[in-house]
Each structure stands twice: as C-alpha cells, then as structure tokens.
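Survey of secondary and tertiary structure
Listed below are the residues making up each chain.
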Amino acid sequence: MKHKFAVQLYTLREELKTGIRPIFKNIKEMGWAGVQISGLPKDYDPNEIALGLKENNLLAAGMHVSLNRLKNDLKAVLNEANLYGTKDLILPHVAAEFRNCEQYKEIKKLLNQLAKDEPEYRFSYHNHAFEFDIDIEGQDALSYILDPLDDNRILAEIDVFWIKKAGIEPLEYIKRYAKRMPIIHLKDMTDDERQTFAEVGTGVIDFLPIFQWGEVNGIEWYVVEQDICEGPPLRCLETSLRNLTQFAEKISGSTSR
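As the structure is a prediction and not an experimental result, all values here were calculated from the model.

Moving on: the environment of His93. Within the element layout of this structure, His93 appears in the loop between strand S4 (88-91) and helix H5 (101-117). Beyond its immediate stretch of four places on either side in the chain, His93 contacts Arg99, His128 and Phe130. Of note is the side chain of His93, whose polar atom sits 3.1 Å from the side chain of Arg99.

Structural data, given as structure tokens:
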C-alpha cells in the first residue's frame, strides 16, 4: 500500500512559492511515493515540475485542472499530463456561479465528451459538500455527475472529509464507486465543534475500513490533502504519513495470516 500514498500539492501551496524542487525533495525524503499536481505557483514551469518528479523518483498521482482550462486550454493540459507521466485529469472545484442545475448538466456533458474524445486519459470529479445542496432531476449534484452507469465515463475522486461534512459516512458512500475511483482524497475531521481539517488518523473518520475496501475495489492512489493546517504543513503531512503507514501495516498483517 505504501507505494500508493501521495501528497496533494495544494497542501503545500505556500511552501511551493519558495522553490518547487526542494519541496519535492522534502516530500520524497519523508517517504511519500507521489504527488498530485495542484496549487502550483503562478507562472510555474511544467519542465521544472517534471524534473522535480524525475530527480526525486516521485510519481504524479493525477492533475487537478480547472473548468476553464478543460474548456479552453486542453492541448496544453494534455501536454502537461504527458510530461508528468499521468493520465488522470480531475475537475477539482466548481465556482459558486456555476453551482446550479443547468451548469452541472453542461459540466457532465463536457467531461463525458472529453473522455470520449481523449480515451487514453481518465477524467474525474472531486467533490466538496455543496453538491448535496443542488437538486438535479431528483439527485444531488454529486450523484448526478458521478452516476455509475455504463454510459457515464466520469470517474470519482471522492474526498472523504467533505462526505463526512455533509453528514454521510464515507465508507458507505464510496461503495457505489467500486472500480470507478482510481484516486481517493483523504483528510480527517477534528473531534470538536469546529469539525475542521485534521491530519489523517487524528480525528473522527474511520480510515481502516476505507483502506480495506479500497484495496479490493480499484484504488490506485490514496492522496492526502489538508486544506488548512494548524501547524507547519510539512509536519502535518508527516503525521498523516506515519498514521497511513500504520494502517497499511495492519492491512498487510491481516492479509498475510
């Protein structure tokens, strides 16, 4: 399992402004296997990202790509994906002005068309909690856009924190996306009235059964994204990785018996 643990670079968006390759070196030395491309400094050089991956033997666990770039800059996006060695392109967020029924229908149509036109890539959608407040033909927006039907090519990148934030148990929710979710997002929730972001394994989310399910249902990357860290982000990631490793060892021990 340890070869499936990756850092979502949005967690380190401020640190990356001081130097991309040194941060990649820190990530590798900490013990992570990959990074998910996002949160890069303005005017970043894709070649520098690729070099940072190569010289630190890190893999790219997909790219988060804005709706604007998917619509208007696809060629450059695909060139970047090729440069980084990933085939996973994920829509990470929908701006407030697009959070309505008609816009979600257009987004679903766009992602399906992209998946049809570019079959060598995989197109996924990353959730927050607001999707559950949008009704589309009797479904919430997340269920609508990820409807696990044969003619829907959009894959899931479920963020378990936001599922928990919506009042739903993550393990039960992800079961509908077996073999349709190559990447999952992990962060924990504090066990207090704030219900805010926490390092994996330090809060209220029960991760062990999520890992057990993921190992038999097609998860290729477990990506840790902590939107806001109360301590230094690298230290928070170190805590998450230590706990992830303990979960992996428990799973390995249970399967070897």
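Counting residues in hydrophobic clusters, the biggest one holds 74 residues, and the most contacted among them are Phe24, Ile27, Tyr125, Ile145, Ile158 and Leu186. Ala6, Ala61, Ile183 and Trp221 belong to the second-largest nonpolar core, a separate cluster that totals seven residues.

For side chains of opposite charge, pairing can occur when their charged atoms come near one another. Considering all chains together, one arrives at 17 salt bridges under this definition. The partner of Arg194 in a salt bridge is Glu230, and the shortest N-O contact between them spans 2.5 Å. With Arg194 in the loop between strand S10 (188-189) and strand S11 (197-198) and Glu230 in the loop between strand S12 (221-224) and helix H10 (233-255), this pair connects stretches of sequence that are 36 residues apart. A relative accessible area of 61% places Glu230 in the exposed class. One salt-bridge network, held together by shared partners, links Asp159, Lys187, Glu225 and Asp227.

Moving on to helix H4 (residues 74-84). Looking at H4, one finds that the buried residues are Leu74, Val77, Leu78, Glu80, Ala81 and Tyr84. The arc that holds the buried residues of H4, viewed along the axis, is 160 degrees, so those residues lie on one side. Lining the buried residues of H4 we find strand S2 (34-37), helix H2 (46-55), strand S3 (59-64), helix H3 (67-72), S4 and H5.

Another aspect to go through is the packing of helix H1 (residues 20-30) against H2. Across the interface, H1 lies against H2 with an axial gap of 9 Å and an inter-helix angle of 30 degrees. As summarised for this structure, H1 and H2 are arranged roughly parallel, according to the angle between their axes. Note on packing geometry: the crossing formed by H1 with H2 is right-handed. Residue-level contacts link Ile20, Arg21 and Phe24 of H1 to Glu48, Ile49, Leu51, Gly52, Leu53 and Glu55 of H2.

The residue Asn57 is not glycine, and still its phi comes out positive at about 55 degrees. Here Asn57 lies in the loop between H2 and S3. One non-glycine residue, Lys179, adopts positive backbone phi at about 65 degrees. Among the secondary structure elements, Lys179 is positioned in the loop between helix H8 (170-174) and strand S9 (183-186).

Turning our attention to the packing of aromatic side chains. Following the criterion strictly, the structure yields twelve aromatic pairs and no others. Ring pairs connect the aromatic residues Phe5, Phe207, Phe211, Tyr222 and Phe247, which therefore count as one cluster. Between Lys108 and the ring centre of Tyr144, over which it is positioned, the NZ or CZ distance is 4.2 Å. Taking the ring centre of Tyr173 as reference, the NZ or CZ of Arg176 above it sits at 4.0 Å.

A few words on the sheet that holds S9. Ordered in space as S8-S5-S4-S3-S2-S1-S12-S9, the eight strands form an open sheet in which the pairing is parallel. Looking along the sheet, the strands with just one partner apiece sit at the ends: strand S8 (155-157) and S9. Taking each pair of neighbouring strands and ignoring which way they run, the sheet shows an average axis angle of 35 degrees. Sheet topology places S3 next to S4; two bridges connect them, and they run parallel. Within S4, the residue paired with Met63 across the bridge is Leu89. On the sheet, H5 packs against S4 and strand S5 (122-126) and is oriented at approximately 155 degrees with respect to S5.

Criteria and cut-off values
The written sequence of each chain sets the order in which its residues are numbered from 1. Totals for whole chains, interfaces and linings use every residue, but because this is a predicted model, local features are given only for residues with pLDDT of at least 70 and side-chain atom pairs only at 80 or more, for both listing and counting. The side-chain quantities take in all heavy atoms of the structure and omit both hydrogens and water. Every helix listed is a DSSP run of H or I at least four residues long, and every strand listed is a run of E at least two residues long, numbered separately from the N terminus. Contact criterion: two residues are considered in contact whenever any of their non-hydrogen atoms come within 4.5 Å of each other. For this analysis, a polar contact is any N or O atom pair within 3.5 Å, provided that within protein one partner can donate a hydrogen and the other can accept it, and provided that sequence-adjacent residues contribute only side-chain to side-chain pairs. By nonpolar core we mean a set of buried residues, namely Ala, Val, Leu, Ile, Met, Phe, Trp, Tyr and Cys, connected to one another through side-chain atoms within 4.5 Å. Burial classes: relative accessible area under 20% of the type maximum marks a residue as buried, over 50% as exposed, and values in between as partly exposed (1.4 Å probe, protein chains only). By definition here, a salt bridge exists when the distance from a side-chain nitrogen of Lys or Arg to a carboxyl oxygen of Asp or Glu is within 4 Å. This arc describes the spread of directions from the helix axis toward the C-beta atoms. Axis lines are fitted to C-alpha atoms, over the contacting stretch for helices. Their N-to-C directions set the angle, which ranges from 0 to 180 degrees. By the definition adopted for this analysis, an angle is roughly parallel if under 35 degrees, roughly antiparallel if over 145, roughly perpendicular if from 65 to 115, and oblique otherwise. Each crossing is labelled by how the near helix is turned from the far one, with a counterclockwise turn of less than a right angle marking it left-handed and a clockwise turn marking it right-handed. Aromatic contacts are taken between Phe, Tyr and Trp rings whose centres are within 6.5 Å, Trp giving its six-membered ring; a plane angle under 30 degrees counts as stacked, one over 60 as edge-to-face, and the others as tilted. Should the NZ of a Lys or the CZ of an Arg lie within 6 Å of a ring centre and within 35 degrees of the ring normal, that charge is described as sitting over the ring. Between any two strands, pairing holds if DSSP finds at least two bridges.

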